[in-house]
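Analysis of the macromolecular model
What follows is the residue order along each chain.
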Amino acid sequence: MTARISSFADDAARTRILAAYDRAMAYWPEPREEHDVPTRFGRTRVHVYGAGERTPVVLLHGQSATPAEWAPHVEPLARAGRRVLAVDRVGEPGYSSQSLPIGSADDTAAWLEATLAGLGLERVHLVGHSYGGWVALQQAVLVPERIASVAVYDPPRALAPLKPGFLLGAVAAAVSGSDSFQRRWFTRLIGETGVTAEEAEAGMRLSLDAINGFRIRLPQPQRMSDEELASIKVPTLVLLGGADRVMDSHRAEARAQHLIPDIRTEVVPGAGHGIPVEIFNDRVPDFLHEVERSVRP
C-alpha cells in the first residue's frame, strides 16, 4: 500500500520543488489565503482569493502544474464578486500530504467531495485543466450534488484517445534526465499561452523539478463512456487547443457535443495544451455569468 502513495524522491527534491512552487505562486494576486483541509486520503492545501456571494469557483490544476498555473486567471474569475479556490491535489507535488492511496476515479471523487465538504462549500463551479479537467468531468458524473457547472480545458483521454506521439514524448521526457530535452518537449506541448516570459519560466522550472523529483502514484485519466458523458446534467464548457499534441481536439469536440446534454465547446485555433490566457479569461467568466443568469428566479 505504501508504494502506491505519491512521494518526493528525497528531502533535497522536496526542498527544491517547494522552493520552485513558492516562486511560481508569487504571481498570484494578493491577498491570498491558505487553508488545510483534512480528508481520509490526506491533508489538502487550498489557496483562496476574492470574496462575494456568488457561487465560488474551484480550480483543479494539471498534473505537476500545481495551483500556481492559475495565477493569470484568478482575478478575472473573482472580479464579479466570488471566491476562487485552487486545490493543491493530494498525490501531486506541493503542500498537500497523502496518507492513503488514490487508485481510481471513485477515490479521486471521494477525495474531492471530502475537500469541498471540509471547506463548507454547498455549491461550486468546477474549473479544470488537463488532468484536473478529467477530475472535474468525473466529479460531475460520480458526485454531482455540489456541482453547479463544469468548465474544462483539454481534459486528456476523457473525450478522445491520447495521440501516440504524445505518449512516446512524455515517456522520453520523463526518463531522459536532460533539462534541455525536457524544456523543448514541454515548450512544444504547452504552446504560446500569453503569460510573461518570467511567469512562464517559473512554471516551467516547477514542472521540470516536479517530474524529476516527485513520484506520482495516481490513476491515469481514462476514457469516459458514452453513458457517463450523457449523465452530466450541469452546464458544461469544453475548451480545446486547435494545435493540441495530446489528443484530436475536433474529435473530442464532436463527442462532447453529441453526448453531453448542456454543452458549449470551442476549439481555439493555434492553441496547444497550455491554457490560452486571453481566451480562457474571456470565455470562462462569461460562461459562469450565463449559468447563474439561467438559474435566477
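Look above for the structure.
Residues numbered from 1 in each chain as written. Predicted model: local features only at pLDDT ≥ 70, side-chain atom pairs only at ≥ 80, totals over all residues. Heavy atoms only, no water.

**With respect to the pairing of strand E5 (residues 84-88)**
Regular strands show a simple pattern: their side chains alternate between the two faces of the sheet. Taken across its five residues, E5 has five buried, putting it largely inside the fold. Of the two faces of E5, both are covered, the one formed by Val-84, Ala-86 and Asp-88 as well as the one formed by Leu-85 and Val-87. Summarising the sheet, strand E4 (residues 57-60) and E5 pair through four bridges and their orientation is parallel. Looking at the pairing, Val-57 lines up with Val-84 of E5. (Buried < 20%, exposed > 50% of the residue type's maximum accessible area, 1.4 Å probe, protein only. Helix = DSSP H or I, 4+ residues; strand = E, 2+ residues; numbered from the N terminus. Pairing = 2+ DSSP bridges.)

**Details of helix H9 (residues 249-259)**
Three or more residues of H9 are buried, namely Ser-249, Ala-252, Glu-253, Arg-255, Ala-256 and Leu-259. All buried residues of H9 lie within an arc of 165° about the axis, which places them on one face of the element. More than 90 degrees from the buried face of H9, the exposed residues found are His-250, Arg-251 and His-258. At its buried positions, H9 is contacted by helix H8 (226-230), strand E10 (236-241) and strand E11 (263-268). (Arc of directions from axis to C-beta. Contact = heavy atoms within 4.5 Å.)

**Let's talk about unusual backbone geometry**
For the peptide bond that leads from Glu-30 to Pro-31, omega is 5°, which places it in the cis range. Following the sequence through the fold, Pro-31 ends up in the loop between helix H1 (11-25) and strand E2 (33-39). With a phi close to 65°, Thr-66 is a non-glycine residue in the positive phi region. For Thr-66, the location among the structural elements is in the loop between E4 and helix H2 (74-78). Relative accessible area serves as the criterion here: at 0%, Thr-66 is assigned to the buried category. Although it is not a glycine, Ser-130 sits at a positive phi angle of roughly 55°. Secondary-structure assignment places Ser-130 in the loop between strand E7 (124-129) and helix H4 (131-142). The class of Ser-130 is buried, set by a relative accessible area of 11%.

**Regarding the pattern of salt bridges**
Per the stated rule, a full pass over the model turns up 19 salt bridges. A salt bridge links Glu-34 to Arg-45, with the nearest nitrogen and oxygen atoms 3.2 Å apart. Linking Glu-34 in strand E2 with Arg-45 in strand E3 (residues 42-49), this pair joins segments that are eleven residues apart in sequence. Residue Arg-183 is joined to Glu-201 by a salt bridge in which the shortest nitrogen-to-oxygen separation is 2.8 Å. Of this pair, Arg-183 sits in helix H6 (residues 179-190) while Glu-201 sits in helix H7 (residues 197-213), and the two are 18 residues apart along the sequence. Through salt bridges that share partners, Arg-32, Glu-34, Asp-36, Arg-43 and Arg-45 make up one connected network. (Salt bridge = Lys/Arg side-chain N within 4 Å of Asp/Glu carboxyl O.)

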